[in-house]
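# Observations on the model geometry
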Amino acid sequence: MASKRSVIPFGPQHPVLPEPIHIDLITEDEKVVEAVPSIGFVHRGLEHLVTKKDFGEMVYVAERICGICSFGHGYGYVNAVEHIMGIEPTQRAKYIRTLLFELSRMHSHILWLGLMADAFGFESLFMETWKHRERVLDMLEWATGGRVIFSIMRLGGLRKDVPDEILKSFLPELDKIEEGIRACEKAFLSDPAVLSRLKGVGYLSKEDAISLGCEGPFLRASGVARDNRMRGYAAYKDVDFDIITSDDGDSYGRCYVRIQEIYQSASIIRQCIEKIPDEGIYVPIKGFPNGEYMTVIEQPRGGACYYVHASGKKFIERMRVRTPTFANIPALAKTLQGCDVADVPILVVTIDPCISCTER
Amino acid sequence: MSFVNFTKTELKNLFKKPATEKYPEGPATYKETTRGHIVNNMDTCVLCSVCQMRCPTRAITVDRKAQTWTIRPFSCIQCRRCVDNCPKKSLSMAKEYTEPDVTRTEKVFALSDRQKAALAEQARRAAERAAAAMEAKKKEMAEGKKDETKKDETKKDETKKEDGASDQTS
Ligand code: SF4
Ligand code: SF4
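All of the points below concern the structure found in this document. (Residues numbered from 1 in each chain as written. Chains lettered and ligands numbered in written order. Predicted model: local features only at pLDDT ≥ 70, side-chain atom pairs only at ≥ 80, totals over all residues. Heavy atoms only, no water.)

In this section: the environment of Ala209 of chain A. Residues and elements named next belong to chain A. Tracing the backbone shows Ala209 in helix α7 (residues 206–211). In this structure, the C-alpha to C-alpha distance between Ala209 and Lys334, residues 125 residues apart in sequence, is 9.7 Å. Once residues lying within four places of it in the same chain are set aside, the contact partners of Ala209 are Leu204, Cys214, Leu219 and Ser222. (Helix = DSSP H or I, 4+ residues; strand = E, 2+ residues; numbered from the N terminus. Contact = heavy atoms within 4.5 Å.)

Around ligand 2 there are 13 residues in total, and Cys55, Cys76, Cys79, Arg80 and Cys82 of chain B lie nearest to it. Here the shell around ligand 2 is built from residues that sort into nine nonpolar, two polar and two charged. (Near = heavy atom within 4 Å. Nonpolar A, V, L, I, M, F, W, Y, C, P; charged D, E, K, R; others polar.)

Here the focus is the site of ligand 1. Within the structure, ligand 1 sits among Asn40, Cys45, Val46, Leu47, Cys48, Ser49, Val50, Cys51, Trp69, Cys86, Pro87 and Leu91 of chain B. In the shell around ligand 1, the residues fall into ten nonpolar, two polar and no charged.

What follows covers the sheet that holds strand β1 (residues 5–10) of chain A. Residue and element names in this part refer to chain A. Read across the sheet, three strands follow the order β1-β2-β3 without closing on themselves; strand pairing throughout is antiparallel. Each of the sheet's edge strands pairs with one partner strand only, and the pair in question is β1 and β3 (31–38). Neighbour-to-neighbour, the strand axes of this sheet turn through a mean angle of 20°, independent of strand direction. Sitting on the sheet, helix α10 (residues 324–336) touches β2 (22–28) and β3, and the angle it makes with β3 is about 160°. (Pairing = 2+ DSSP bridges. Axes fitted to C-alpha atoms, helices over the stretch in contact; angles between N-to-C directions.)

To continue, consider the environment of Ile281 of chain A. All names here are of chain A. As for its position among the elements, Ile281 is in the loop between α9 (251–275) and β6 (290–299). In the structure, Ile281 is positioned 190 residues away from Gln91 in sequence and 7.9 Å away in space, judged by C-alpha atoms. Leaving out residues up to four positions away in the same chain, Ile281 has contacts with Thr90, Arg92, Ala93, Ile96, Gly156, Gly157, Leu158, Arg159, Lys160 and Asp161.

All names here are of chain A. Relative to the helices and strands, Asp343 resides in the loop between α10 and α11 (344–350). The spacing of Asp343 and Asp278 is 65 residues in sequence and 51 Å in space, taken between C-alpha atoms. Contacts of Asp343, omitting those with residues within four sequence positions, involve Arg197 and Val201. Of the polar contacts made by the side chain of Asp343, one reaches the side chain of Arg197; its length is 3.4 Å. (Polar contact = N/O pair within 3.5 Å; in protein donor to acceptor, adjacent residues only side chain to side chain.)

Residues and elements named next belong to chain B. Residues Leu11, Leu14 and Phe15 make up a contiguous nonpolar surface patch of roughly 400 Å² in combined accessible area. Mapped onto the secondary structure, Phe15 falls in the loop between α1 (2–14) and β1 (37–40). The exposure class of Phe15 is exposed, given its relative accessible area of 73%. (Patch = residues over 30% accessible without salt bridge, like charges linked within 9 Å, V, L, I, M, F, W, Y side chains within 5 Å. Areas by Shrake-Rupley, 256 points an atom, 1.4 Å probe, with all protein chains shown as cover. Salt bridge = Lys/Arg side-chain N within 4 Å of Asp/Glu carboxyl O. Buried < 20%, exposed > 50% of the residue type's maximum accessible area, 1.4 Å probe, protein only.)

This next bit is on the nonpolar core. One finds Tyr77, Leu103, Phe120 and Phe188 of chain A to be the most contacted residues of the largest nonpolar core, which totals 120 residues. Considering each element in turn, this core owes the most residues, 16 residues, to helix α3 (residues 91–119) of chain A. Apart from residues no more than four positions distant in its own chain, Leu103 of chain A is found in contact with Val136, Met139, Leu140, Phe170 and Ile269 of chain A. Judged by nonpolar contacts, the second largest core, of 23 residues, contains Cys51, Cys76, Cys86 and Met93 of chain B. (Core = buried A, V, L, I, M, F, W, Y, C linked by side-chain atoms within 4.5 Å.)

Before going further, it helps to spend a moment on the packing of aromatic side chains. Residues and elements named next belong to chain A. This structure, assessed with the given rule, holds 13 aromatic pairs over all chains. Relative to Phe241, the ring of Tyr236 lies with its centre 5.9 Å away and its plane at 65°, an arrangement referred to as edge-to-face. Each of the two residues, Tyr236 as well as Phe241, counts as buried. Taken together, the ring pairs connect Phe71, Tyr75, Phe101, Phe150, Tyr233, Tyr236 and Phe241 into an aromatic cluster. (Phe/Tyr/Trp six-rings, centres within 6.5 Å; stacked < 30°, edge-to-face > 60°.)

Residue and element names in this part refer to chain B. Here we have three strands laid out as an open sheet, ordered β2-β3-β5, and antiparallel in their pairing. Whereas interior strands pair on both sides, the edge strands pair on one side only; in this sheet they are β2 (60–63) and β5 (107–110). Going from strand to strand, the sheet's axes swing by 15° on average, the running direction of each strand aside. Relative to strand β3 (residues 68–71), β2 runs antiparallel, the two being bridged by four bridges. Among the inter-strand pairings, Thr61 is bridged to a residue of β3, identified as Thr70.

Moving on to the pairing of β2 of chain B. Looking along a regular strand, one sees side chains alternate from face to face of the sheet. Burial of the side chains of β2 of chain B is restricted to one face: Ile60 and Val62 of chain B are buried, whereas none of Thr61 and Asp63 of chain B on the reverse face is. Count of turn residues in the β2 of chain B/β3 of chain B antiparallel hairpin: four residues, of which Gln67 of chain B carries a positive phi of about 55°.

All names here are of chain A. Summed over all chains, the structure comprises 36 salt bridges over all chains. We note a salt bridge from Asp208 to Lys334, for which the minimum N-O separation is 3.8 Å. Taken together, the residues Asp208 in helix α7 and Lys334 in helix α10 connect sequence positions 126 residues apart. Accessibility expressed as a relative area gives 35% for Lys334, which makes it partly exposed. Taken together, the shared-partner salt bridges connect Glu102, Arg105, Arg220, Asp227, Arg229, Glu261 and Glu298 into one network.

Residues and elements named next belong to chain A. Across the interface, α3 lies against helix α4 (residues 123–144) with an axial gap of 8 Å and an inter-helix angle of 160°. Between α3 and α4, the angle is such that the two are roughly antiparallel. As for how α3 packs across α4, the hand of that crossing is left-handed. Where α3 approaches α4, its residues Leu100, Leu103, Met106, His107, Ile110, Leu111, Leu113, Gly114, Leu115, Ala117 and Asp118 are matched on the opposing element by Glu123, Leu125, Phe126, Thr129, Trp130, Arg133, Val136, Leu137, Met139, Leu140, Ala143 and Thr144. The residue makeup of the contact of α3 with α4, split by class, is 16 nonpolar, four polar and three charged. (Parallel < 35°, antiparallel > 145°, perpendicular 65-115°, else oblique. Left-handed = near helix turned anticlockwise from the far one by under 90°.)

Everything listed here is a matter of coordinates, which is why it stays silent on function.
The structure is reproduced here in structure tokens:
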């Protein structure tokens with residue numbers, strides 16, 4: 001006898017995720033047979049503000065698209081406008097941008113590990129990871145003065161230099177963070193109880209990951225080596241790093257990729273501190289932007305596209321942002337098919353959803 | 001055994017002092033670089049309104065008539081743009097966060113008496129200079145010469161500084 005289908009609504013408010021995403025789970029007994037996601041609960045119209053704030057002030061708005069990848073959003077907008085205006089920032093500015101970008105990535109990935117631990121119910125692991133995240137936030141605060149929104153980005157460079165003493169003081173901090181994450185890594189990647197919640201849960205094949213247009217660690221966990229940092233924006237062309245992938249394609253693989261990326265970010269930061277040249281951080285800008293540009297950068301959650309269209313006026317005409325979460329939602333719906341209802345929160349967390357930046 | 005791995009960390013944590021601060025029982029600690037809130041030194045402010053124009057959230061209002069400088073702390077996003085653009089270096093960023101409140105308060109700073117006197121003195125001297133220039137010009141006119149070049153220099157120099165700071169957008 002065929003089992004009866006029923007619909008279980010997940011969200012918009014759900015304890016596992018503080019952000020509003022709604023998914024209709026069509027279930028047969030305890031199995032999800034289909035998932036229908038819907039978004040649109042926190043649209044704030046930030047893109048439209050570009051016509052109300054002048055192009056310099058818009059940097060502050062762009063940073064506020066998201067609280068976790070705030071630096072990346074500021075960078076994406078600035079990068080597009082700098083290309084339109086033909087400005088080349090100094091090497092030091094590029095290195096500091098790279099360094100702050102990687103600190104944000106560490107912050108985001110460690111935060112994600114905590115949320116993941118929370119999703120599978122390991123509260124002490126959640127608190128332990130967030131303890132290490134606090135160190136990253138402290139470093140960001142030392143460098144920029146802000147913990148969440150940094151307000152250090154500016155067209156033509158940076159608004160404030162980060163002195164070498166502060167940069168040097170990051171080295172021992174990075175060691176401590178790495179040591180702490182290594183202790184947590186054992187719990188995430190080899191604890192039998194944790195493995196039972198991760199291994200084989202939410203499998204996504206390489207082909208599906210490509211055809212559904214996934215981004216970031218979610219894509220790399222399915223064995224696709226694609227990382228926009230390899231395009232060499234900011235100072236990424238001057239530092240050494242590899243693309244981290246995993247062939248598992250399941251929640252375990254996503255955990256593995258993100259943990260390894262934390263170590264990789266630490267290594268990139270060390271290289272930046274070692275190689276950073278001593279020079280100015282700001283190139284003056286003249287006139288108004290005129291033209292259009294589209295840029296793709298690698299946010300902690302994956303590739304984010306920024307499109308800017310300006311027409312030589314104080315106000316830019318159009319700005320458009322495509323965030324990685326938006327690209328990952330179709331694949332999320334795919335991975336949810338056939339999973340247990342109890343695994344749904346874990347799978348939603350594995351794409352590292354950021355709904356506020358998806359809807360802006 | 002993989003089981004024991006995290007147990008070790010947990011046991012260690014049990015005997016360490018807490019990683020969190022006991023706020024509000026103890027005072028909150030801030031970094032030297034923390035952007036907390038804006039303070040204005042009313043001994044040096046000249047009410048030139050540059051900060052008002054540069055503030056992206058329009059949190060600052062300068063009232064020249066009443067000689068006050070007002071900030072709405074709940075609109076301020078602590079971006080530090082006003083501090084960077086103040087020609088008199090009158091503004092600074094204090095590291096403590098804005099204190100909580102139940103209404104959207106405004107903080108009004110009145111010019112200090114000393115600065116009021118200094119500005120009045122400045123205005124008086126500027127007026128004197130203008131009057132003197134006027135006098136000289138009248139004389140010149142009377143003498144039949146038409147040389148108007150010197151007059152403009154006595155105008156306030158603050159407005160020029162505003163223009164100078166305008167390339168510092170963002
Ligand atoms: S810019 Fe400085 S001097 Fe001018 S009004 Fe503001 S605080 Fe006063
Ligand atoms: S810090 Fe920024 S938002 Fe606050 S008053 Fe100054 S310019 Fe305005």
